[in-house]
Amino acid sequence: VKNIKAMFGHKLGNAIIFSSSNMILSKVAGLAVVGLYSNYYMVIIALDHFAGKFFEAITASIGNLMVLEESGKKVKAFKVMEFITALQAAICFCGLFVLFNSFVELWVGKAYLFSEAVVAAMAFSFYLTYMRKAVLMFRDACGLYWNDRYKPLAESVINLTASIYLTIHYGVIGVVIGGIISTLLTCFWVEPYVLFNNGIDIKLKDYFMDYLKFIATTLLSAFASKLIYSNLFIKITLINFIAGIFICISITLILWSAIFRNREEMQYLLNFAKSKFIK
């Protein structure tokens, strides 16, 4: 009963957070800006659902792992999943950072674009949200809903307060930064803290050290891809956009493989890819 109550609180908090942006923008910036924001948000939702199919396929296996396996295997499984999540988030962030406006221009036209600063903020907000997936999947497998029951309330209050204030003073980018602030002050550290103190034996410091390495590599990939894409292509065409996708994926994978080549998780992915390719 306690977990059901806590789960309801999590769902309600998520609903408030993800629905508040349009309401704040409509009151402060007007319905025209809401229409532009909805175009971008629709793309982000579609990308999140597409990339998140991977997690839906293995959630049951993680639940079985948490019940049956020893602590060492749980830690190893989490590190592999976190590494895969970080790689997926890096590719998605790189694509959004470099090609988001190009896609929207091809889709609805140049008159419906946000500034590069707003696009960068939206891409970073997506990155922070996507990086939570591995932790949330293991938290759900452990049934730790009650342990962070107050987090959705705190996140909702911070998100609403920061978003309203920043949107009034800085426009549409304010609602995005408000979401980033609420995530960093709550989900960013509360969720791994709850998981590592109640489900998996990992030091929080080690988790954040890896997180810092992942985000630094992601930013390096994004800026390198942006530089290459901007120098190669001036006009926005479908062919150039497809080439941009190839550039983002290639640069991210190359840098990821070079920087993390000695990590156990990287070797696991390479061996898995080789076995599937050979088969």
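Residues numbered from 1 in each chain as written. Predicted model: local features only at pLDDT ≥ 70, side-chain atom pairs only at ≥ 80, totals over all residues. Heavy atoms only, no water.

Colleague: Explain helix α3 (residues 71-108) to me, please; I cannot follow it from the model alone.
Modeller: Residues three or four positions apart in an α-helix share a direction because the helix packs 3.6 residues into each turn. For α3, the principal kink sits at L99 and spans about 65°. Immediately beyond the C-terminal end of α3, within one or two residues, lies G109, with a positive phi of roughly 115°. (Bend = angle between axes of the 7 residues up to and from the residue. Helix = DSSP H or I, 4+ residues; strand = E, 2+ residues; numbered from the N terminus.)

Colleague: Quick question: what am I supposed to make of helix α2 (residues 31-68) here?
Modeller: Across its 38 residues, α2 extends 52 Å between first and last C-alpha, which sits within 8% of the 56 Å expected from 1.5 Å per residue. Along α2, the sharpest kink reaches roughly 45°, centred on I58. (Expected span 1.5 Å × (residues − 1).)

Colleague: Before we go on, may I ask you to explain the pattern of salt bridges in this structure?
Modeller: Where charged atoms from two side chains of opposite charge come close, those side chains can pair. Inspection of every chain in the model, using the stated rule, returns nine salt bridges. Two residues, K133 and D48, come together in a salt bridge whose shortest N-O distance is 3.3 Å. One end of the pair, K133, is in helix α5 (residues 133-142); the other, D48, is in helix α2, and 85 residues separate them in sequence. The structure contains a network of salt bridges with shared partners spanning R132, K151 and E191. (Salt bridge = Lys/Arg side-chain N within 4 Å of Asp/Glu carboxyl O.)

Colleague: Honestly, a nonpolar patch on the surface in this entry has me stumped. Any pointers?
Modeller: A cluster of nonpolar residues, F8, L12, I16, V28, L160, I164 and I168, forms a patch on the protein surface that exposes about 600 Å² of accessible area. Breaking the nonpolar patch down by element, the ones donating at least two residues are α1 (2-28) and α6 (151-170). Examining the composition of the nonpolar patch, we find that four residues originate from one element, α1, more than from any other. With respect to the helices, strands and loops of the structure, I168 is situated in helix α6. Given a relative accessible area of 53%, I168 falls into the exposed group. (Patch = residues over 30% accessible without salt bridge, like charges linked within 9 Å, V, L, I, M, F, W, Y side chains within 5 Å. Areas by Shrake-Rupley, 256 points an atom, 1.4 Å probe, with all protein chains shown as cover. Buried < 20%, exposed > 50% of the residue type's maximum accessible area, 1.4 Å probe, protein only.)

Colleague: Would you take a moment to explain the packing of aromatic side chains for this structure?
Modeller: In this description, a pair of aromatic rings is defined by centroid distance and the angle of the planes. For the structure shown, the criterion picks out 24 aromatic pairs. Taking the centre distance of 5.2 Å and the plane angle of 80° together, the rings of F78 and F138 count as edge-to-face. Placement of the pair is F78 in helix α3 and F138 in helix α5, with a sequence separation of 60 residues. Each of the two residues, F78 as well as F138, counts as buried. Ring centres of F93 and Y127 lie 5.8 Å apart, and the angle between their planes is 70°; this geometry places the pair in the edge-to-face category. Here F93 is found in helix α3, whereas its partner Y127 is found in helix α4 (residues 116-130), with 34 residues between them in sequence. (Phe/Tyr/Trp six-rings, centres within 6.5 Å; stacked < 30°, edge-to-face > 60°.)

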